[in-house]
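Okay, here's what each chain looks like letter by letter:
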Amino acid sequence: MATVHRIYNFSAGPAVLPLPVLQEVQRDLLALPGAGISILEISHRSKTFESILAQAEADIRALANIPPRYKVLFLQGGASLQFSMVPMNLLAPAATADYIDAGSWGEKAIKEAKKIGNVNIAASTRSDNYSRVPSQTELKLTPGAAYVHMTSNNTIEGTEHKDLPDVGDVPLVSDTSSDMFSKPIDVARHALIYAGAQKNMGPAGVTIVIVRDDLLQRSLERKSSLPTMLNYAVHAENKSLYNTPPAFAVYTLGLVMKWLLGLGGLPAIARANERKAAKLYAEIDRTGFYRGTARTDSRSLMNVTFRLPNEELENQFVKQSESAGLDGLKGHRSVGGMRASIYNAFPEDGVDALVGFMREFERTHG
Ligand SMILES: *Cc1c(COP(=O)(O)O)cnc(C)c1O
């Protein structure tokens, strides 16, 4: 294969994909082995595609140890559509949903839920600039709430929940868009988990929803009023084939799942992710020139956010890092500063390259 120049892509999403997956996609793009037809052309009702979908689901189940009482759905509309689908399916008019407000994506989820029903903010770290996630003792949960919604990893602010909140018997719903399958996940403590694929699982276009069977009853009760395409029960009954699925995104996500299993599954990828993040945070903490924006006990392993002494230096840092082949380090426009997204597929070499760049930048500008 001809050598292709690839930069280090620190983008928060869409994000870096594993090279062996891209190579397999490239190799098989004209014709899937044995099928003589491209994944871009194939009927979603074909045996070939059905088995691609079934295999992707089986691999997701194996990776995350998903109990049989959960369905795995492949939907569209991104995590953003889940902000609406969750309350439309799960929040009855007289009920209240609790939301943990710990970042910009959670805020957006709250905004959509308020259009559907009653929302209680169980805790918020907004007044701390979302530099941390709330602790268990801060949570003011509603007895008998329809569900509790959380964001496991705050992509923009660079914080994560180190432990799941204890919500008793209330269904826990988690937006895991930016840390899904970066470490072991205790599915049984959740009622519903959702994630857009394009941060850590595959290309944009498919959203994974893992939902416990008993919650589908709520969707069934709303069958006549809910738009069909927004009803979890409809997608579950039709095994994610109610309408044309994003075949290419599902296929590529399936290859990423295979790649993860081949590496040793979630415990193995978690160790690699911890090692990468530790290197970067160690450099941030080394002298005080760089300043991590997340409180130490809430630091994300996926999105590492930091600032420099002033904005002028930050602009120079962005420019020079791009010239050095380190792309996508500019922080989200709403918070500024730097953000290095180091998802599963981001190579450790790239972290080493960034650490080297940071040292040199400090030496010449500090
Ligand atoms: C990126 C992101 C979203 C939005 O995802 P889309 O697929 O673009 O709708 C929602 N939540 C979190 C935590 C994210 O990182």
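This part is about the site of the ligand. Taken together, 13 residues form the shell around the ligand, and within it Ser80, Thr155, Asp175, Gln198 and Lys199 come nearest. Between an oxygen atom of the ligand and a main-chain N or O atom of Ala79, the distance comes to 3.1 Å. Within the side chain of Ser80, a nitrogen or oxygen atom sits 2.6 Å from an oxygen atom of the ligand. For the shell around the ligand, a count of residues per class yields three nonpolar, eight polar and two charged.

Moving on to the sheet that holds strand 5 (residues 148-151). Taken in spatial order, the seven strands line up as 2-10-9-8-5-3-4 in an open sheet, and their pairing is mixed. Each having just a single partner strand, strand 2 (70-75) and strand 4 (118-124) make up the two edges of the open sheet. Neighbour to neighbour, the strand axes of the sheet diverge by 20° on average, direction disregarded. Where strand 8 (residues 172-175) and strand 9 (residues 192-196) come together, three bridges link them in parallel fashion. Counterpart to Val173 in the pairing with strand 9 is Leu192.

At a closest axis distance of 9 Å, the pairing of helix 2 (residues 47-64) and helix 7 (residues 247-263) adopts a crossing angle of 40°. Our classification of the angle between helix 2 and helix 7 gives oblique. Between helix 2 and helix 7 the crossing geometry is left-handed. Two secondary-structure elements touch here, helix 2 through Phe49, Ile52, Leu53, Gln55, Ala56, Asp59, Ile60, Ala62 and Leu63 and helix 7 through Ala247, Val250, Tyr251, Leu253, Gly254, Met257, Lys258, Leu260 and Leu261. Considering only residue class, the contact of helix 2 with helix 7 consists of 14 nonpolar, two polar and two charged.

Take the domain arrangement of the chain next. Segmenting the chain into domains produces domain 1 (23-262) and domain 2 (264-365). Using only C-alpha atoms to locate each centre, domain 1 and domain 2 end up separated by 27 Å. Between domain 1 and domain 2, the contact holds 27 residues from the first and 26 residues from the second. Across the domain 1/domain 2 interface, buried area totals approximately 2100 Å², and carbon plus sulfur atoms make up 55% of it. Considering only the surface of domain 1 that becomes buried against domain 2, Ile156, Gly158 and Ser182 emerge as the three largest contributors, covering 23% of it. Our enumeration of links across domain 1 and domain 2 arrives at zero salt bridges. Applying the counting rule to domain 1 against domain 2 returns 17 residue pairs in polar contact (both at pLDDT 80 or more). Elements with a minimum of two residues in the side of domain 1 that touches domain 2: helix 2, strand 7 (159-160) and helix 7. Taken together, the residues that form the side of domain 1 that touches domain 2 break down as 10 nonpolar, 10 polar and seven charged.

Calculation criteria
- Residues numbered from 1 in each chain as written.
- Predicted model: local features only at pLDDT ≥ 70, side-chain atom pairs only at ≥ 80, totals over all residues.
- Heavy atoms only, no water.
- Near = heavy atom within 4 Å.
- Polar contact = N/O pair within 3.5 Å; in protein donor to acceptor, adjacent residues only side chain to side chain.
- Nonpolar A, V, L, I, M, F, W, Y, C, P; charged D, E, K, R; others polar.
- Pairing = 2+ DSSP bridges.
- Helix = DSSP H or I, 4+ residues; strand = E, 2+ residues; numbered from the N terminus.
- Axes fitted to C-alpha atoms, helices over the stretch in contact; angles between N-to-C directions.
- Parallel < 35°, antiparallel > 145°, perpendicular 65-115°, else oblique.
- Left-handed = near helix turned anticlockwise from the far one by under 90°.
- Contact = heavy atoms within 4.5 Å.
- Domains from an automatic or database assignment.
- Buried area = accessible area lost by both parts, 1.4 Å probe.
- Salt bridge = Lys/Arg side-chain N within 4 Å of Asp/Glu carboxyl O.

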